[in-house]
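Overview (structure and organization)
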Amino acid sequence: MKEYPVQKNQRLTVSIIDLTHEGMGVAKVDGYPLFIENSLPGEEVEVLVIKVGNKFGFAKVENWLTESPDRQPIKDVDLLRTGIAPLSHLSYEKQLEFKQEQVKNVMKKIAKMPDVPVYETLGMEKPFGYRNKAQIPVRRVDGELMTGFYRKNSHQMIAIDDYYIQDPAIDEAISVIRNILQRFDVRAYDEESHKGMLRHIIVRRGHYTHEMMVILVTRKEKFFKGDLIAETINKELPEVVSVIQNINEDKTNVILGKENRVLFGKDHMIDKLLGNTFRISPQSFFQVNTLQAEVLYQTAIDFADLKKSDVVIDAYSGIGTIGISLANQVKDVYGVEVTREAILDAQINAEKNHIDNAYYQVGKAEVVMKKWLEREINPTVIIVDPPRKGLAESFIQSAAETKAKKVVYISCNPATLARDLKLFQELGYKTEKIQPVDLFPQSYHTEAVALLVKEK
Ligand code: SAH
């Protein structure tokens, strides 16, 4: 058996020397890294080793011998344990610095562009209670329905009522809905046996409109008294304009299934962004932090420095939020998005906001981009907003072939952003500047907007 410098259940005193990009403190014992929740660089801590792996281990703090000046009082230690708010022990000012550093680091190490200016993260005045959406798993514990969150890397649920980062009206709604479901004797889904009914409660609430959508994710189609339950939800929560049953029959960690049924009200909800009205369907993506999404989009629009003659591609358009926000300033907008429901939303959203120069296409961005090239659509500005895995190489190649003057890259993952900026650089697009925007206060997730300009 291989010898490690530490053993499971060993107690030792260590110094924290670093913070991982997931917000764990790092200590080294004879070069062997230990990852330690709720610890910050500069702190001396007494820890208990809880897991010893091949290349690194995990420990938990039993006692702080010194505390970092950057520490802030933790609202609830379960927010760290569950990963709901994994940076909530770090002062907000330092969280913003941490995120700027994340971007600077990848620009150095992955993109090999240490000189690109990375600005200070734009943060929130009130960095909590911001989430407009919650996806809460439901379990049965001692005959009662329980809502909360899983302990990190486990299936052990911790009951939570105050989620801190969610709109408090959503927290409230979750308990009300849970209690209604309890009264109707709805059984919670059980992962192990793949039995039971209710898997997740999802609540979305419009920041501006206060319209609420409730999605009940069930294992089976047949939902006894589903309509009555939905009506009761609306009665007790008058903001609810839509109750949807989503059916997910699979044994999977993926939350939503493919099929939706309206149990009460509309099949969508409405909210606003930068003064425009948007319809949001259950399957469609919508930024979870409305106020900061506005800051993000405005930054992207400012970076694009648009002219009336511009032809803009809005790739990964979702329900059309970005393209519709700028359509009035340009000649044409072409949007592409892989989720059909979202594209239908985008088309209706363009109409709702009296936009008649935005054209939407469902499909993979990398495929549709090629088709647009063949059709000789000549964009002058390309805006991309991909998911965490970033852009497909073929998308970047097609984008470069269009000879667009500018690319504005909105990213929720600094590592793939840096990888993609490097490829753009090789194809003649220089990264001019990057602006991180904090969409996820108290969490390590880092969002940033980069401006790329075609070199002469
Ligand atoms: N710009 C939108 C959505 C951004 S989220 C907004 O700000 O609201 C990223 C979007 O990319 C999601 O809607 C997702 O469905 C979509 N997507 C994921 N992979 C894609 C691909 N290969 N091609 C096109 N769209 C994709």
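Heads up: the structure comes first, above all this text.
Now for a description of the structure that goes with this document. (Residues numbered from 1 in each chain as written. Predicted model: local features only at pLDDT ≥ 70, side-chain atom pairs only at ≥ 80, totals over all residues. Heavy atoms only, no water.)

1. Focus on the sheet that holds strand E8 (residues 144-150)
Stated precisely, the cut-off is as follows: Pairing between two strands is assigned when DSSP locates at least 2 bridges connecting them. Each helix is a run of DSSP H or I of at least 4 residues and each strand a run of E of at least 2, with the numbering of both proceeding from the N terminus. Angular values range over 0 to 180 degrees, each being the angle between N-to-C directions of two axes fitted as lines to C-alpha atoms, with helices fitted over their stretch in contact. The contact criterion used is simple: two residues touch if any of their non-hydrogen atoms lie within 4.5 Å.
The sheet built from seven strands is open, its strands ordered E9-E8-E7-E10-E11-E12-E13 with mixed pairing. The sheet terminates laterally at strand E9 (157-159) and strand E13 (259-265), the two strands that pair on one side only. The sheet shows a mean angle of 35° between the axes of neighbouring strands, taken without regard to direction. Along the sheet, helix H3 (residues 168-183) contacts strand E7 (133-141), E8, strand E10 (198-205) and strand E11 (212-218); its crossing angle with E10, the most-contacted strand, is approximately 145°. Lying on the sheet, helix H4 (residues 226-236) is in contact with E11, strand E12 (240-247) and E13; it crosses E13 at an angle near 55°.

2. Here's the deal with the packing of aromatic side chains
Using the following cut-off: For Phe, Tyr and Trp, where Trp contributes only its six-membered ring, two rings pair if their centres lie within 6.5 Å, and the inter-plane angle classes them as stacked under 30 degrees, edge-to-face over 60, or tilted in between. Accessibility here uses a 1.4 Å probe with only protein chains present; expressed as a share of the type maximum, an area under 20% marks a residue as buried, one over 50% as exposed, and anything in between as partly exposed. The rule is short: NZ of Lys or CZ of Arg within 6 Å of the ring centre and within 35 degrees of the ring normal puts a charge over the ring.
Taken as a whole and assessed by the stated rule, the structure comprises ten aromatic pairs. Ring geometry for Tyr334 against Tyr359: centres 5.3 Å apart, planes inclined by 35°, an arrangement best described as tilted. Note that Tyr334 is positioned in strand E17 (residues 332-337) and Tyr359 in strand E18 (residues 358-362), a separation of 25 residues in sequence. Using a relative accessible area of 14% as the deciding quantity, one classes Tyr334 as buried. Each ring, one from Phe424 and one from Tyr429, has its centre 5.8 Å from the other, and the planes form 75°; the classification is edge-to-face. Comparing Phe424 with Tyr429 shows no difference in burial state: the two are buried. Here the aromatic residues Phe35, Phe56 and Phe58 are joined through ring pairs into a cluster of three or more. Over the ring of Tyr189 we find Arg199, and its NZ or CZ is 4.3 Å from the ring centre.

3. Some details on helix H10 (residues 414-426)
Operational definition: By this rule the span expected of a helix is its residue count minus one, scaled by 1.5 Å.
Over its 13 residues, H10 extends 19 Å from the first C-alpha to the last, a length consistent with the 18 Å expected when each residue adds 1.5 Å. Regarding H10, the residues found buried are Pro414, Thr416, Leu417, Ala418, Asp420, Leu421, Leu423 and Phe424. Here the buried face of H10 lies against helix H2 (92-109), helix H9 (393-401), strand E20 (406-411), strand E21 (429-437) and strand E22 (447-454). The first or second residue beyond H10 is Gly428, which carries a positive phi of 95°.

4. Structural notes on the side chain of Ser39
Within the secondary structure layout, Ser39 lies in the loop between strand E4 (32-36) and strand E5 (44-52). For Ser39, the residues in contact, after removing those within four places along its chain, are Ile16, Leu19, Gly25, Val61, Arg71 and His89.

5. Some thoughts on the site of the ligand
Let me state the cut-off plainly: Here a residue is considered near a molecule or strand provided that any single heavy atom belonging to it is located within 4 Å of it. Counted as a polar contact is a pair of N or O atoms within 3.5 Å, where, for protein atoms, one must be capable of donating a hydrogen and the other of accepting one, and residues adjacent in sequence contribute only when both atoms are in side chains. The Shrake-Rupley method, run with a 1.4 Å probe sphere, supplies the accessible areas, and residue values consider only the shown protein chains as cover. Lys, Arg, Asp and Glu make up the charged group, whereas Ala, Val, Leu, Ile, Met, Phe, Trp, Tyr, Cys and Pro make up the nonpolar group; the residues left over, Gly among them, are polar.
Not every one of the 16 residues close to the ligand is listed here, only the nearest: Tyr297, Tyr316, Glu337, Ala365 and Asp385. One of the side-chain N or O atoms of Glu337 is found 2.7 Å from an oxygen atom in the ligand. The side chain of Thr339 places a nitrogen or oxygen atom 3.1 Å from an oxygen atom of the ligand. When the ligand is considered free in solution it has 570 Å² of accessible area, and contact with the protein chains removes 89% of it. Elements with a contribution of two residues or more to the shell around the ligand: helix H6 (321-326) and helix H8 (365-374). Within the shell around the ligand, the residues separate by chemical class into seven nonpolar, five polar and four charged.

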